[in-house]
Amino acid sequence: MTNKMWGGRFSTGPSEIMEEINASIDFDKRLYAQDIAASKAHCAMLAETGIIGAQDAKTLAQGLDVILTEIEGGTFTFSRALEDIHMNVEARLEELVGPVAGKLHTARSRNDQVATDFKLYVRDAIDALDEHLCALQQALAHKAEEHAATVMPGYTHLQSAQPITFGHHCLAYVEMFQRDRGRFADARTRLNESPLGAGALAGTSFPIDRKQTAKALGFDRPAANSLDAVSDRDFALETLAAASIAAIHLSRLAEEIVLWCSAEFGFVALGDGFTTGSSMMPQKRNPDAAELIRAKAGRILAALQGLLVVMKGLPLAYSKDMQEDKEATFGALDALALMISAMTGMIASAEINEKSMRKSAGAGHSTATDLADWLVQSAGLTFRDAHHVTGRIVAAADEANLPLWRMPLETLQSLEKRITADVFDVLSVAKSVKSRTSLGGTAPKNVRKNARSWIKRLERDSRSG
């Protein structure tokens, strides 16, 4: 008895262990919509070029539509013995339409079939991720507009550095996520070449029209080299690289939220929908959603590293190793979509403790740089000399246990005689942030203008998407 999938070369089926290691249907069944769409495009092209008859093409297309309905309706039975989504669909098609089903695989291989399906899936995932990221940016931009003048401490080395506004902090992440969207868009542009019709690796002798199938599936063009078309997994690697950077951005924001929710900071209170309690300690409100975002970033980084390792030593064209490309990619893109949605919900529901932020913004002599700038602009010191003078004033303030704006003028003048009472105009945190009007600075008027600009831009993106 010949093997149904592999033809007369094999007289028996695979061993139980071989079936276990070889089957991919458990995870690649999610490619069903892409597989059926590509099969319908291939079928239409075969008929258009006269490779199969018009009636056969109609029969095949109708059968594929039935299969799509069955899968979406939950009545389709997947078989591990048939290995993957492609053979499961083909086997069911034969049950539905008979021997004509065998004509569908004319002029294609599972190699170009899976590459096409996977590209279509990744492309769809990129489009969905872009929508998710846009929604997150909108939540951040609205928060930025609301808190354009809410003063908070800015940190370097997690030490109080200079006062900024919470709106300014939110807009920093809007910028980061916009770059993430750009990376995904770039990956999408590069992947948008169709492998369909490349065959196993060398093309086909049938007079196929690859431009027709590429256009039907929304690709920009057919892949130019059949060997590259079936060997390429750059598109998955590049998408995972973009996903990894986005996950790192999410993880950084999640870490800040964890800190901000602590009693020591007290900057933010998350909504009940994004916190959990403790089975023992009734007072607890744990920022578990943020912590899980922070942790799930590891899955995405691991998926990228794993696929790099799979691909690094493979000769052209297709090797079975490449079956390991999908499961980790699916998991990583699922995890990223979930992370973005959770972060969007947290940002939208977060209550900002403006009083606590303002109090912390003045700690650690955060307006010391403003003092140094004043010494340059108003007292005529070089910045290096102003830096040294400010350092001595900070040391004196520490010894007196006073913030800079409460230091006696006489004490300041004893350390630098050119200091006048005007210096107190720059030593409050509110005046500090108000003065930062340079392009990209934290001044409330800057933040408010930029937030409104982003809101309009993102609304346009949302409508066009």
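Residues numbered from 1 in each chain as written. Predicted model: local features only at pLDDT ≥ 70, side-chain atom pairs only at ≥ 80, totals over all residues. Heavy atoms only, no water.

**Q** Whenever I open this one, the overall build of the protein chain confuses me. Can you help?
**A** Tallying secondary structure elements over the protein chain gives 18 helices and six strands in all. Against the compact-globule benchmark of 23 Å for 465 residues, the protein chain has a radius of gyration of 30 Å, which places it well outside the compact range. Contacts spanning at least 24 positions in sequence make up 74% of the contacts within the protein chain whose residues lie at least 6 apart. Measuring between centres, the 52 positive side-chain charges of the protein chain sit 6 Å from its 58 negative side-chain charges. (Helix = DSSP H or I, 4+ residues; strand = E, 2+ residues; numbered from the N terminus. Rg over C-alpha atoms; globule rule 2.2 N^0.38 Å. Contact = heavy atoms within 4.5 Å. Lys, Arg positive; Asp, Glu negative; His and termini not counted. Charge placed at Lys NZ, Arg CZ, Asp CG, Glu CD.)

**Q** Got a minute to help me understand the side chain of His 249 in this structure?
**A** Along the polypeptide, His 249 turns up in helix α10 (residues 234-261). The class of His 249 is buried, set by a relative accessible area of 10%. Other than its neighbours up to four places away in sequence, His 249 contacts Tyr 173, Met 176, Phe 177, Asp 180 and Arg 183. (Buried < 20%, exposed > 50% of the residue type's maximum accessible area, 1.4 Å probe, protein only.)

**Q** Just to check I follow, could you spell out helix α11 (residues 288-311) for this structure?
**A** Side chains that are three or four residues apart share a direction in an α-helix, a result of its 3.6 residues per turn. With 24 residues, α11 should cover 34 Å at 1.5 Å per step; its first-to-last C-alpha distance of 35 Å lies within 8% of that length. Of the residues making up α11, those classed as buried are Ala 289, Ala 290, Ile 293, Ala 297, Ile 300, Ala 303, Leu 304, Leu 307 and Met 311. In this fold, the buried residues of α11 make contact with α9 (226-231), α10 and α12 (325-349). (Expected span 1.5 Å × (residues − 1).)

**Q** Would you mind going over the nonpolar core with me for this structure?
**A** Generally speaking, a soluble globular protein has its nonpolar side chains buried in company with each other. The biggest cluster of nonpolar side chains holds 97 residues, and the ones touching the most others in it are Phe 184, Leu 250, Ile 257, Leu 336 and Met 343. Among the elements that take part in this core, α10 stands out by supplying 14 residues, more than any other. In this structure, Ile 257 is in contact with Leu 270, Ala 290, Met 343, Met 346 and Ile 347, ignoring residues within four places of it in sequence. Trp 374, Val 389, Val 394 and Val 423 belong to the second-largest nonpolar core, a separate cluster that totals 19 residues. (Core = buried A, V, L, I, M, F, W, Y, C linked by side-chain atoms within 4.5 Å.)

**Q** In this structure, what is going on with the pairing of strand β1 (residues 151-156)? I would like to understand it.
**A** Consecutive side chains along a regular strand alternate between the two faces of the sheet. By the bridge criterion, six bridges tie β1 to strand β2 (residues 159-165) in an arrangement that is antiparallel. Counted as the bridge partner of Thr 156 is Gln 159 from β2. The antiparallel pairing of β1 with β2 creates a hairpin that spans two residues between the two strands, and His 157 there sits at a positive phi of about 60°. (Pairing = 2+ DSSP bridges.)

**Q** So what exactly am I meant to see when it comes to the packing of aromatic side chains here?
**A** Inspection of the entire model under this criterion finds eight aromatic pairs. Considering the side-chain rings of Phe 166 and Trp 260, the 5.7 Å spacing of their centres and the 70° angle between planes classify their relative orientation as edge-to-face. Here Trp 260 lies in helix α10 and Phe 166 lies in helix α7 (residues 166-191), a separation of 94 residues in the sequence. For the pair Phe 166 and Trp 260, a shared accessibility class is recorded, and that class is buried. We note Arg 123 situated over the ring of Phe 219; from NZ or CZ to the ring centre the distance is 5.0 Å. Taking NZ or CZ as reference, Lys 326 lies 5.6 Å from the ring centre of Phe 118, over its face. (Phe/Tyr/Trp six-rings, centres within 6.5 Å; stacked < 30°, edge-to-face > 60°. Lys NZ or Arg CZ within 6 Å of the ring centre and 35° of its normal.)

**Q** Would you take a moment to explain helix α3 (residues 32-48) for this structure?
**A** The terminal C-alpha atoms of α3 lie 24 Å apart, and with 17 residues this matches the ideal 24 Å at 1.5 Å per residue to within 8%. Among all positions of α3, only Gln 34, Asp 35, Ile 36, Ala 38, Ser 39, Ala 41, His 42, Cys 43, Met 45 and Leu 46 are buried. With its phi angle positive at about 80°, Gly 50 sits one or two positions after the end of α3.

**Q** When you look at the pattern of salt bridges in this model, what are you seeing that I'm missing?
**A** Two side chains of opposite charge can pair, provided their charged atoms sit close to one another. Under the criterion given, the structure shown has 23 salt bridges. Residue Glu 238 is joined to Arg 190 by a salt bridge in which the shortest nitrogen-to-oxygen separation is 2.5 Å. Linking Glu 238 in helix α10 with Arg 190 in helix α7, this pair joins segments that are 48 residues apart in sequence. Judged by its relative accessible area of 25%, Glu 238 falls in the partly exposed class. Arg 418 is the salt-bridge partner of Glu 416, the closest N and O atoms lying 2.9 Å from each other. The partly exposed category is assigned to Arg 418, whose relative accessible area is 42%. Bridged by salt links that share partners, the residues Glu 70, Arg 92 and Glu 95 form one connected network. (Salt bridge = Lys/Arg side-chain N within 4 Å of Asp/Glu carboxyl O.)

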